[in-house]
Structures are given as C-alpha cells and as structure tokens.
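# Overview (structure and organization)
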Amino acid sequence: MIRRPLIRYALRAVSLTATLGVWQLLTSLNVDLWLRFSQFPTVTDVARAFTDRLSGDDYWTDLTDSLTRILTGFALAAVLGVATGVLVARSHLAEDLLGPVLEVIRPIPAIALVPVAILLFPSNEQGIVFITCTAAFFPVLVSTRHAVRALTPVWEEAVRTMGAGRLRILGSVVLPGALPGIFGGLSVGIGVSWICVISAEMISGQYGVGYRTWQDYTVVNYPGVFVGMVTIGVLGWITSTAVELLGRRLTRWLPRTAYVPGVRPRAPRPLAAPARPDGEPEQQAESEQQGQNNTEEARDEHLV
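Throughout, a residue's number is its position along its own chain's written sequence, starting from 1. Only residues with pLDDT of at least 70 get local features here, since the model is predicted, and only at 80 or more are side-chain atom pairs given and counted; chain-wide, interface and lining totals rely on the full set of residues. Each side-chain value is derived from all of the structure's non-hydrogen atoms; neither hydrogens nor water enter the calculation.

## Some remarks on the packing of helix 6 (residues 124–149) against helix 8 (residues 166–204)
- As a rule, the C-alpha atoms of each element are fitted with a line to give its axis, helices using only the stretch in contact, and angles between N-to-C directions run from 0 to 180 degrees. Numbering goes from the N terminus for both helices and strands, where a helix is a DSSP run of H or I of at least four residues and a strand is a run of E of at least two. One way to put it is that helix 6 packs onto helix 8 with a least axis distance of 7 Å and a crossing angle of 155 degrees. For the element pair helix 6 / helix 8, the angle class is roughly antiparallel. Here the hand of the crossing between helix 6 and helix 8 comes out right-handed.
- The classification used treats Ala, Val, Leu, Ile, Met, Phe, Trp, Tyr, Cys and Pro as nonpolar, Asp, Glu, Lys and Arg as charged, and all other residues, Gly among them, as polar. Among the residues forming the contact of helix 6 with helix 8, the class breakdown is 17 nonpolar, 10 polar and one charged. Throughout, the term roughly parallel applies to angles under 35 degrees, roughly antiparallel to angles over 145, roughly perpendicular to angles from 65 to 115, and oblique to all others. Helix crossings are classified by the rotation of the near helix relative to the far one: an anticlockwise turn of less than a right angle makes the crossing left-handed, while a clockwise turn makes it right-handed.

## Overview of a nonpolar patch on the surface
- Residues with no salt bridge and a relative accessible area higher than 30% make up the patches, which join like charges within 9 Å and nonpolar side chains (Val, Leu, Ile, Met, Phe, Trp, Tyr) within 5 Å. Using a 1.4 Å probe, the Shrake-Rupley method yields the accessible areas, and only the shown protein chains count as cover for residues. Salt bridges, as used here, are contacts in which a Lys or Arg side-chain nitrogen is within 4 Å of a carboxyl oxygen on Asp or Glu. Nonpolar side chains collect at one region of the surface, where Leu87, Leu93, Leu97 and Leu98 lie side by side and expose about 390 Å² of accessible area between them.
- Ranked by residue count, the leading element in the nonpolar patch is helix 4 (residues 92–105), at three residues.

## Regarding unusual backbone geometry
- Phi is positive for Asn30, which is not a glycine, with a value near 55 degrees.
- If you check the backbone angles, Val220 has positive phi at about 60 degrees while not being a glycine.
- With respect to the secondary-structure elements, Val220 resides in the loop between helix 9 (209–218) and helix 10 (222–250).

## Considering the pattern of salt bridges
- The final tally for this structure, using the stated rule, is eight salt bridges.
- Put simply, Arg212 and Asp62 hold a salt bridge, and the shortest N to O gap is 2.7 Å. Of the two residues, Arg212 is situated in helix 9 and Asp62 in helix 3 (residues 57–90); the sequence distance between them amounts to 150 residues.
- In this structure, Glu201 and Arg69 form a salt bridge, with 2.8 Å as the shortest nitrogen-oxygen distance. One end of the pair, Glu201, is in helix 8; the other, Arg69, is in helix 3, with 132 residues separating them in the sequence.

This is the structure in structure tokens:
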C-alpha cells in the first residue's frame, strides 16, 4: 500500500526533529564517551546565532555572493559539459583529440586547481567561478557521453531514412534520448560544485558562506561555524531539488512507475491451455503456445 503524501512528510519531520533532539540532549549533557559532544554547541546556541546573523547585512551579502558564484560556474559547466560530451560521443576525431587531455585532468580534484586559478585569473572572483565550473564539468561530461553512446541506433536510422540531417537528428533523437543521463550528471555536478565553491571561498575568497564559516572557526565562534554549515546544507538541498524538478519536467514523456519499497511486483499468471477437440496431448499444446510467444517477441523486436 502506498503511503499518503501527508504521512510521508510527517515521517520526514519526525526524523528531523528526532535528530535535533538527540543533538540537543548530547550537547546539553556534555556527553564524552568516545566522541566529545561537550565541544559542540547546542541546538539553542546555533539557533540564537542564526537569528543574530539573519538580522545583519553580512549574512545576506555572503549568501548572494555564494549563489552568484555557484550559479555562474554551474551554468557554464552545464553548457560546456553537455556540448563536449555529445561531441566526444559522436565524433571519433574529437574523442582522439580531446579524450586524452580530459582523462588526464579529470582525476585532479577541483580544489587542487586553486593555485592554477590564482596564476591564471586576475581576480579571486573569476578564479572561484573557474573552480566551481571545473568541479561540475566532468560529472556532466561523463554522464552525457555515456548517455549518448547508450542510445539505440535504430532511432537515428529511422529519422535518417526520412531525410533528416545531422542537426535534426541531434535535436530530435540524441538530446531528448540522453536527457535522463544528462540530468543525472547535472544532479551530481551541483553537489560537487557546492563542495568546491565553499572550499575555494575558504582559501582565497573575501566574501561568501565558505569565507564567513572559516572566519568564525579562526575566532573560535563554533555556533557561527554551524550556522554556515546549516546554510550550505539548505542551499545545496534547494539547488539539487531544483535540478531534479527541472529534469522531471523536461522528461515527463518518459514512462514512470511507482516504486514501493519491500513490495515485489506480481508476475501475471499464465493462461490455461484450452482443451483440444482432436485429443492431442497437453505437451504439444504448450509447445505451440511457446512458439506463438516466440513469434510475437520476434515481431516486437522487429518493430522496435
């Protein structure tokens, strides 16, 4: 039985409330078993610091700067990643020219490119956007490349037989068919972008949520550190949800099935073979039924 949406939302609220309650209990009692919760601020301390931060202008300035950097870098990574992934997947020449360079750069963590960004770009702002773009570029590239290569060649051949050119095939077959894989890479890329933009702001930024969080740590303002962490988590959740909702909107033509954990789909029961008037044995009737099923499967494969 599928749970109602209100019940699911209530369960999520209970889970979050229970987590905050356990946090408040462990920190208020100064529990020190193996983990030192006495060093942690309580939930009330973080809430008080969050309220004070909301009333100031610095919080909103940091929020605006981080969102500007993440959206700019992610938009560039989405465009460049999809274009490069399609190009590499569709062209052997592009794969031979760009593939080795991309595969050498891909394992390098984006945060390790901070010295490169400082040397290349005239300002820290441009360097942070570059790091954010690089972090999201490779997940989008890899997902797009695999999604394009996994497309069924029959679709492209069918459109080509009707006189479609390369651009028409790209717009009507390749990109729509690869959209689920592309949005999978975008969903991963937005999360990686947040990790790297916060790290870059901590190292070379002047404003932003990451910069403010690091400054609170240096002055031993632990409630302020947790304010930054909560802000990063909420922003990451909002942006990831936005990407997933956009993906569902653009791929609403895909068939979707409701998934219920712990419930196995029931296989349809086979139909009983009808009685034969000529008295042939039952095994021959089953063999004929199997042959008919094989014929139908072959016909379906031919149609696909």
